[in-house]
Structures are given as structure tokens and as C-alpha cells.
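# Coordinates in review
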Amino acid sequence: MNIAIVGTGYVGLVSGTCFAETGAHVVCVDTDASKIERLKDGQIPIYEPGLDEMVKKNVSAGRLEFTTDLASVLDDVQIVFSAVGTPPDEDGSADLKYVLQVARTIGQNLNHYVVVVTKSTVPVGTARKVRKAIEEELVKRGMQDLEFDVASNPEFLKEGNAIKDFMSPDRVVVGVESERAKKVLTKLYKPFLLNNFRVIFMDIPSAEMTKYAANSMLATRISFMNDIANLCERVGADVNMVRAGIGADTRIGRKFLYAGCGYGGSCFPKDVKALIKTADQNGYSMEVLKAVERVNERQKSILFEKLVKAFGSKEALKGKCIAMWGLSFKPETDDMRESTALVMIQLLLDAGCQIRAYDPVAMPECKRRIGDDVKYCNDMYDAVLDADALLLLTEWKEFRLPSWAVIRKAMNHPLVIDGRNIFDVEDLEENGFEYHCIGK
């Protein structure tokens, strides 16, 4: 089966590579010529474990190609996936200009039946706009009788685990509006059906809504637990014990009940905003999600509040050296979009602090975003040298079992503020540290 995937960002590149791994012939398309040339040379623009090896393998096998020219590949494909960006507008709604540009290009060059599939996260009703844009271009060419289908196939990939999520999904959601489109997409996903993975077909608006609903539910669980954690601190409870207690309820489950210093990334913040905006545009107010968003924004400054409290005042922080472990919004990615680290860095700089930071992969991205206002360190022990406090923001595995005796000797002041609740309080106290975490 021949398919084209437009957009070589996170979703497009991972999806295209994984489809190629299942035996499809895939052409990934992007308007960024320099990115395409780098991909042809085997240079992967994103950090995702295992992706570079899989790209090289499928390029060598002739199943994966890269081009800037969508028109040149349309005659040879049965499916076109649109995986371009949908950045939030200032009002929080998803910007569909790239999605519609792809649709217009398809309409201007299409000569046979294809299924046009939206892979990007888009608001309900986008497929209808995509169909209209293609039809308008076909009419201009006098080809209004040419048949095509649109479909929705939202992705549910977790950064850092995306290849496993794609190749062994807990479900694949596909929205279609015709049996013909369903037949084509069933063929594409046949390798997954053979392994008894669930492919759930539904109408297109329901598929479009499913992605937003899923991410908003997960964001809600995170903000709910952060709210509970903040209350636990005030009443003398331990949020870890509370999590164990409620997570044992099979109706609730244990996932996404970890308190911390806020969620970030490319999906949860953007999707929550977009769903709130969709509701507003349809005369309904998503009160729960508005609260979820407020709680999360507040939570991103919680470590700074704890730091101020530990030193007695914000003024007392001036000139202090603060070590930061972790910059990405989660482990196993260099993605810093909407990360707590960006909020914390600004708060610390505004307070007159010096910052020594270490992250296994995200330091180049941080430097690209904020420049040299932060000292980028060689490793986690370099970061704590002469530090007056250590802040843990991202729960990378290498941070879990540090040598606290070595760190105690390196730091000016033995203060650790754990934004992800991964450290053992007894270990820290035995080594003379003052320790603070979330919800305890």
C-alpha cells in the first residue's frame, strides 16, 4: 500500500516510519526543504528513543522516502495523511491554516480516488472544512465529479514511548463517512488487527472529539491530584498514601494520579484550550476544564513558592545559586513546550537568582529558547556545585538514585525541593538535607 504523510513533525515522522515498518511504502512530505535534506541524510529532527534506527532501516529498505513536493506523489498513493501543525491561536482555538493548505494542494492536483486522513489534533468539524477546501479546488479544475473521502485518525502517542504506542496500541480510532474509506483503512491497519489490537471505527465528529476528550480527561486527573496534594500539605495528609488508596479502586485506577509541579508538552495544554474554545463557540462553558487549566498554571509556580518559603522571602533569593535537574516537560523527550522549567527559569531570573541546569537531552532546546541566561552543566553533579538549593523538575531515571553524600559536599546549602516526588526523604535527612516535595 502506498501512502503519503504531510508533515514531518513528531506525529508525522513517527507515524510514517511505523507504517513503513509494517510494510507500507511511505513518502513523508514537508515544505521545509532543509529538514527534508537532513532526513535524507539520516538526521532526525526530534528526540524519540529508537526512531533514528527505524528511519534508517526503512529508508535503506526503500519503504520510506522524503520529499517537499506533495503534488508529485499524489498519483501513486491511496491514502494521504495530514499531520501538519495546529498551533493555538491567541484565543486558544486551533489554527487550521496548515491543515487547509494541505487540503487545497490535494484538490489542485488530485486525479484519482484517495482517502484524505486528518492525523493532526483538530477541532470537531475540521473534516468538513477539509472536504470543502478540496471540493472548491476540484470545481476550479472542472473535476467536481472526482470521488474522494475524508477521514479522521487521531494519534494517541506518548512522547518518549511513541514507537511502542504506535506498534502496540491499546486502540486505534478511525472516523469515516463511507464503507469505501473504511475498507481502505481496514487494509492499512490489517497488521494491527492480526495482533488483536482494537481498531474502533466511528463517525468523523466522534473521532475528532475522542482525541480532545482523552487528553482533557488525563489533564483533569493530573490537576485534580495536584489540587488534592496542595490540600494534603495543609491538613497533614500524604498525597502518596491518598493516591494508593484511591488508585486501588478499580473504577478509578492508578494511572495519571501522580502529584507534581504541573503538566506541559505539545498536547495537554493545547488540547484543553482548544476544547474550551470549541465549547465557547458552541454556546457552552466547560467549567471543569477551565478549572483544570487554572490549577495547572498555578502548579507550575509551586516550587518557586516553596523556595521562597524556605528562604523566608523572595528578596532573600537575590544572588542565590539554584540547581535545576530536568528541563523537558517529561522524561525521554527534549520537548520543552509549556514545560514547568520555562516558568521556573523566568521566576528565578526575575528574583535575581543564578541558575545551573542539567537535562540529559533538552539543554540545546533550552538554549535555543532562552539563550545563555542559564548555566548549562555537564552532568547532575556539576549542576549542584555551590548551589543554595536543588529543584527537581523532570523525573529522568538517572536522577532517581544520586549520591546524596557527594551532593551534600558540593552544595552551599542543603535544600532539595522535589517537584515529582521521586526521592526518599529518609536518605535525604540522613545526609543532612532539608527536603520538600508535593503534597506531604
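Given the structure is predicted, the values throughout are model-derived calculations rather than measurements.

This brings us to a negative patch on the surface. On the surface, Asp 424, Glu 426, Asp 427, Glu 429 and Glu 430 cluster together to form a negatively charged patch. Within the element layout of this structure, Glu 430 appears in helix 18 (residues 425-430). For Glu 430, a relative accessible area of 65% puts it in the exposed group.

Bringing the pairing of strand 5 (residues 115-118) into the picture now. Two faces, one strand: in a regular strand the side chains alternate between the faces of the sheet. Burial along strand 5 is two-sided: Val 115 and Val 117 facing one way and Val 116 and Thr 118 facing the other are all buried. In this structure, strand 4 (residues 79-82) lies alongside strand 5, joined through four bridges in parallel fashion. Residue Ser 82 lies in a different strand from strand 5, and its bridge partner there is Thr 118. Pairing of strand 5 with strand 6 (residues 149-152) involves four bridges; the strand directions are parallel. For Thr 118, the partnering residue across the bridge sits in strand 6 and is Ser 152.

By size, the foremost hydrophobic cluster in this structure holds 61 residues, and its most contacted members are Leu 307, Met 324, Trp 325, Leu 327, Leu 348, Trp 404 and Phe 423. Considering each element in turn, this core owes the most residues, six residues, to helix 13 (residues 302-311). When sequence neighbours within four positions are dropped, the list of residues in contact with Trp 404 reads Trp 325, Leu 390, Val 416, Phe 423, Asp 427, Leu 428, Asn 431 and Phe 433.

What follows deals with the packing of helix 1 (residues 10-21) against helix 3 (residues 51-60). Angle between the axes and distance between the axes are the two parameters that describe a pair of packed helices. The contact between helix 1 and helix 3 brings their axes to 10 Å, and the two run at 50 degrees. Here helix 3 runs oblique to helix 1, going by the angle between their axes. Helix 1 and helix 3 meet at a crossing whose hand is left-handed. Counted together, Leu 13, Val 14, Thr 17, Cys 18, Ala 20 and Glu 21 of helix 1 and Leu 51, Met 54, Val 55, Lys 57 and Asn 58 of helix 3 form the full contact between these two elements. Along the lines of polarity and charge, the residues of the contact of helix 1 with helix 3 split into seven nonpolar, two polar and two charged.

As a further point, take the pattern of salt bridges. A side chain with one charge can pair with a side chain of the opposite charge if their charged atoms come near. All chains considered together, the criterion is met by 27 salt bridges. Its salt-bridge partner being Glu 135, residue Arg 131 comes within 3.3 Å of it at the nearest N-O pair. One end of the pair is Arg 131 and the other is Glu 135, both in helix 5 (residues 126-140) and four residues apart, which spans about a single turn. Residue Glu 135 is classed as partly exposed on the basis of its relative accessible area of 35%. Between Lys 300 and Glu 338 there is a salt bridge; the shortest N-O distance is 3.6 Å. Of the two residues, Lys 300 sits in the loop between helix 12 (287-299) and helix 13 while Glu 338 sits in the loop between strand 9 (321-325) and helix 14 (340-350), which places them 38 residues apart along the sequence. Classification of Lys 300 as buried rests on a relative accessible area of 2%.

To continue, consider the packing of aromatic side chains. Two aromatic rings, taken as a pair, are described by how far apart their centres are and by the angle between their planes. Under the defined criterion, the tally for this structure stands at 11 aromatic pairs. Measuring from ring centre to ring centre gives 5.0 Å for Phe 19 and Phe 166, while their planes differ by 90 degrees; the resulting arrangement is edge-to-face. Placement of the pair is Phe 19 in helix 1 and Phe 166 in helix 6 (residues 162-167), with a sequence separation of 147 residues. Phe 166 shares its class with Phe 19; the two are buried. Ring centres 6.3 Å apart and planes at 80 degrees place the aromatic pair Trp 325 and Phe 423 in the edge-to-face group. Of this pair, Trp 325 sits in strand 9 while Phe 423 sits in the loop between strand 13 (415-418) and helix 18, and the two are 98 residues apart along the sequence. You can call Trp 325 buried: its relative accessible area is 0%. Classification of Phe 423 by relative accessible area gives buried; the value is 9%. Taken together, the aromatic side chains of Trp 325, Tyr 358, Phe 399, Trp 404, Phe 423 and Phe 433 make up a single cluster linked through ring pairs. Geometry around Phe 148 places Arg 131 over its ring, the cationic atom sitting 4.6 Å from the centre. In this structure, Arg 180 is placed above the aromatic ring of Tyr 113, and the distance from its NZ or CZ to the ring centre is 3.5 Å.

With that out of the way, let us pick up the sheet that holds strand 9. Spatially, six strands are ordered 11-10-9-12-13-14 in an open sheet, and the strand pairing comes out parallel. The open sheet has two edge strands, strand 11 (375-376) and strand 14 (434-436), and neither has a second partner. Pairing between strand 12 (residues 389-392) and strand 13: three bridges, direction parallel. Of the residues in strand 13, the one forming a bridge with Leu 391 is Ile 417. Across the sheet, helix 14 touches strand 9, strand 10 (354-358) and strand 12, and the angle it forms with strand 9 is around 175 degrees.

What counts, and where the lines are drawn
Residues numbered from 1 in each chain as written. Predicted model: local features only at pLDDT ≥ 70, side-chain atom pairs only at ≥ 80, totals over all residues. Heavy atoms only, no water. Patch = residues over 30% accessible without salt bridge, like charges linked within 9 Å, V, L, I, M, F, W, Y side chains within 5 Å. Areas by Shrake-Rupley, 256 points an atom, 1.4 Å probe, with all protein chains shown as cover. Salt bridge = Lys/Arg side-chain N within 4 Å of Asp/Glu carboxyl O. Lys, Arg positive; Asp, Glu negative; His and termini not counted. Charge placed at Lys NZ, Arg CZ, Asp CG, Glu CD. Helix = DSSP H or I, 4+ residues; strand = E, 2+ residues; numbered from the N terminus. Buried < 20%, exposed > 50% of the residue type's maximum accessible area, 1.4 Å probe, protein only. Pairing = 2+ DSSP bridges. Core = buried A, V, L, I, M, F, W, Y, C linked by side-chain atoms within 4.5 Å. Contact = heavy atoms within 4.5 Å. Axes fitted to C-alpha atoms, helices over the stretch in contact; angles between N-to-C directions. Parallel < 35°, antiparallel > 145°, perpendicular 65-115°, else oblique. Left-handed = near helix turned anticlockwise from the far one by under 90°. Nonpolar A, V, L, I, M, F, W, Y, C, P; charged D, E, K, R; others polar. Phe/Tyr/Trp six-rings, centres within 6.5 Å; stacked < 30°, edge-to-face > 60°. Lys NZ or Arg CZ within 6 Å of the ring centre and 35° of its normal.

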